[in-house]
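# Understanding the architecture of this molecule
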Amino acid sequence: EPVRPAFGGLPDRAEEQAQLFHSRLTKLARHLRKWPTQKSITCMRLYERDIPEVPLVVDRYENCLHMAEYERPNEHTEAQHYAWLELMQKTAADALGIDPKLVFFKHRRRQRGDTQHERFSEENRTFVVQEAGLKFKINLSDYVDTGLFLDHRQTRTMVRERAQGKRFLNLFAYTGSFSVYAAAGGAAETTTVDLSNTYLDWAKDNFALNGIDFKSGNHRLQRSDVMAFVADHPRVAGGQYDLAVVDPPTFSNSKTTENVWDIQRDHVALLNHVIELMSPGGLIYFSTNFRRFKLDEPALQNVKTIREISQQTVPEDFRNKRIHRCWYLVVK
């Protein structure tokens, strides 16, 4: 067997893969070029492992690219792999006409425990992007996730369309984008619950960017373990909320709480608590990106409608139609 050099050099077929990648991106960009004018969408998924040999994900956030690599076994030495990744980043920037300094790259590892929104840099490269006439702060350098999940763009729109006059509850709220949409849709009040101060501060920034007034007292940020929040929440006849979004992680074992969260095991208890807080006819959007998830419908109490709506909520720029699953539940 020939001895491979220990350092550098591109692996075999890298140039060929780069050419395939380039032509695929060029074609996709052409296809999506009309979007910003037709749909006012400027942040979108461009590429997701379309070519098996190039297992990357490429998202466009206005003038920036956010690229991520999925872990996989390969024959490359570390130095070769680094050279390969650099080539793919240059290729993407070139194909899409993006300044190479505005290409951000992340390694996605298989999620283990509390790595859900793991931080791995302190560069704080933040940008403000627009979506559906609203503004959101994103951070392209410091976390695997950017602060705005593009696969829930349609779900956010659904919430906005139904929010007028409603009391809105956002659980596992992350950076609060659903709450911003609800407020923009005329929600009477919003309650945004997350365990992370970092994300609640970020949510506050998103509210401020959209001129939503916190001082009125109609918008509340609550730092809390979600399970504890819904279990301990006082129950009131007629319910306290009319519209809710529940978008939990698959697993989580946060340092700040003893509880290990497991969506398959815990979703029934969680949803039954949420149902108890809703007004009659109240609407809950429930979503997960756990591939093997099974919703235990018979165990959910006091619900008159449960419908999976993933086909409507997964946007057309996502080739992976299983990026998330989403249901809506109507309370009796």
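Residues numbered from 1 in each chain as written. Predicted model: local features only at pLDDT ≥ 70, side-chain atom pairs only at ≥ 80, totals over all residues. Heavy atoms only, no water.

### So, a positive patch on the surface
- Together, Lys27, Arg30, Arg33 and Lys34 make up a region of like positive charge exposed at the surface.
- Within the secondary structure, Arg33 sits in the loop between helix H1 (14-32) and helix H2 (35-39).
- By relative accessible area, Arg33 is classed as exposed at 56%. (Patch = residues over 30% accessible without salt bridge, like charges linked within 9 Å, V, L, I, M, F, W, Y side chains within 5 Å. Areas by Shrake-Rupley, 256 points an atom, 1.4 Å probe, with all protein chains shown as cover. Salt bridge = Lys/Arg side-chain N within 4 Å of Asp/Glu carboxyl O. Lys, Arg positive; Asp, Glu negative; His and termini not counted. Charge placed at Lys NZ, Arg CZ, Asp CG, Glu CD. Helix = DSSP H or I, 4+ residues; strand = E, 2+ residues; numbered from the N terminus. Buried < 20%, exposed > 50% of the residue type's maximum accessible area, 1.4 Å probe, protein only.)

### Looking at the packing of helix H4 (residues 153-162) against helix H5 (residues 177-184)
- Running from N to C, H4 and H5 point in directions that differ by 35°, and their axes come no closer than 7 Å. Like other packed secondary-structure pairs, H4 and H5 cross with a definite hand, here right-handed. In contact with Thr155, Arg156, Thr157, Val159 and Arg160 of H4, H5 contributes Ser177, Phe178, Tyr181, Ala182 and Ala184.
- Across the contact of H4 with H5, the residue classes break down as five nonpolar, three polar and two charged. (Axes fitted to C-alpha atoms, helices over the stretch in contact; angles between N-to-C directions. Left-handed = near helix turned anticlockwise from the far one by under 90°. Contact = heavy atoms within 4.5 Å. Nonpolar A, V, L, I, M, F, W, Y, C, P; charged D, E, K, R; others polar.)

### Details of the sheet that holds strand E9 (residues 219-223)
- An order of E9-E8-E7-E10-E13-E15-E14 is seen for the seven strands of this open sheet, with the pairing classed as mixed. Every other strand in the sheet has two partners, leaving E9 and strand E14 (303-308) as the edge strands with one partner each. Here the strands of the sheet are splayed against their neighbours by 15° on average, with no regard to which way each runs.
- Note: E14 against strand E15 (residues 325-331), five bridges, orientation antiparallel. Bridge pairing in E15 places Arg307 opposite Tyr328. (Pairing = 2+ DSSP bridges.)

### A short note on the environment of Pro11
- With respect to the helices, strands and loops of the structure, Pro11 is situated in the segment before H1.
- A residue is classified by how much of its surface remains accessible, and Pro11, at 8% relative accessible area, is buried.
- Sequence spacing of Pro11 and Ile51 is 40 residues, and the spatial spacing of their C-alpha atoms is 17 Å.

### A closer look at the pattern of salt bridges
- Tallied over the entire structure, the rule returns 14 salt bridges.
- Of the charged contacts in the structure, one is a salt bridge between Glu161 and Arg162, with a shortest N-O distance of 4.0 Å.
- You can call Arg162 partly exposed: its relative accessible area is 36%.
- Linked by salt bridges that have partners in common, Arg13, Glu16 and Glu53 make up one network.

### Some remarks on the confidence of the model for the protein
- Within the protein, residue pLDDT values average 91, and 92% of them lie at 70 or more.
- Counting interchain partners and residues more than four positions distant, the pLDDT-below-50 stretch residues 1-6 has six contacts.
- For the stretch residues 111-116, pLDDT sits under 50, and the model shows 10 contacts to residues farther than four places along the chain or on other chains. (pLDDT = per-residue confidence, 0-100.)

### What about the packing of aromatic side chains?
- What the rule picks out here adds up to 15 aromatic pairs.
- An aromatic cluster is built from Tyr143, Phe149, Tyr174, Tyr199 and Trp202, whose rings are joined through pairwise contacts.
- The ring of Trp202 has Lys137 sitting right over it, with the charged end atom 5.4 Å from the ring centre. (Phe/Tyr/Trp six-rings, centres within 6.5 Å; stacked < 30°, edge-to-face > 60°. Lys NZ or Arg CZ within 6 Å of the ring centre and 35° of its normal.)

### Here's the deal with helix H8 (residues 263-276)
- Taking 1.5 Å per residue as the helical rise, H8 with its 14 residues ought to reach 20 Å, and the 19 Å between its terminal C-alpha atoms agrees with that figure.
- Residues of H8 that are buried include every one of Ile263, Asp266, His267, Val268, Leu270, Leu271, Asn272, Val274 and Ile275, and no others.
- Residue Asp262 occupies the N-cap position of H8, its side-chain oxygen lying 2.9 Å from the main-chain nitrogen of Gln264. (Expected span 1.5 Å × (residues − 1). Polar contact = N/O pair within 3.5 Å; in protein donor to acceptor, adjacent residues only side chain to side chain.)

### Examining helix H3 (residues 78-96)
- Here H3 is 19 residues long and its end C-alpha atoms lie 27 Å apart, about the 27 Å a rise of 1.5 Å per residue gives.
- Among all positions of H3, only Gln80, His81, Trp84, Leu85, Leu87, Met88, Thr91, Ala92, Ala93, Ala95 and Leu96 are buried.
- Looking one or two places after H3, you find Gly97, whose phi comes out positive at around 65°.

### Focus on unusual backbone geometry
- Notably, Ser40 is not glycine yet its phi reads approximately 45°, a positive angle.
- Structurally, the position occupied by Ser40 is in the loop between H2 and strand E1 (43-48).
- Backbone geometry places Asn302, a non-glycine residue, at a positive phi of 65°.
- In this fold, Asn302 is placed in the loop between strand E13 (278-288) and E14.
- Under the relative-accessibility criterion, Asn302 is labelled partly exposed at 44%.

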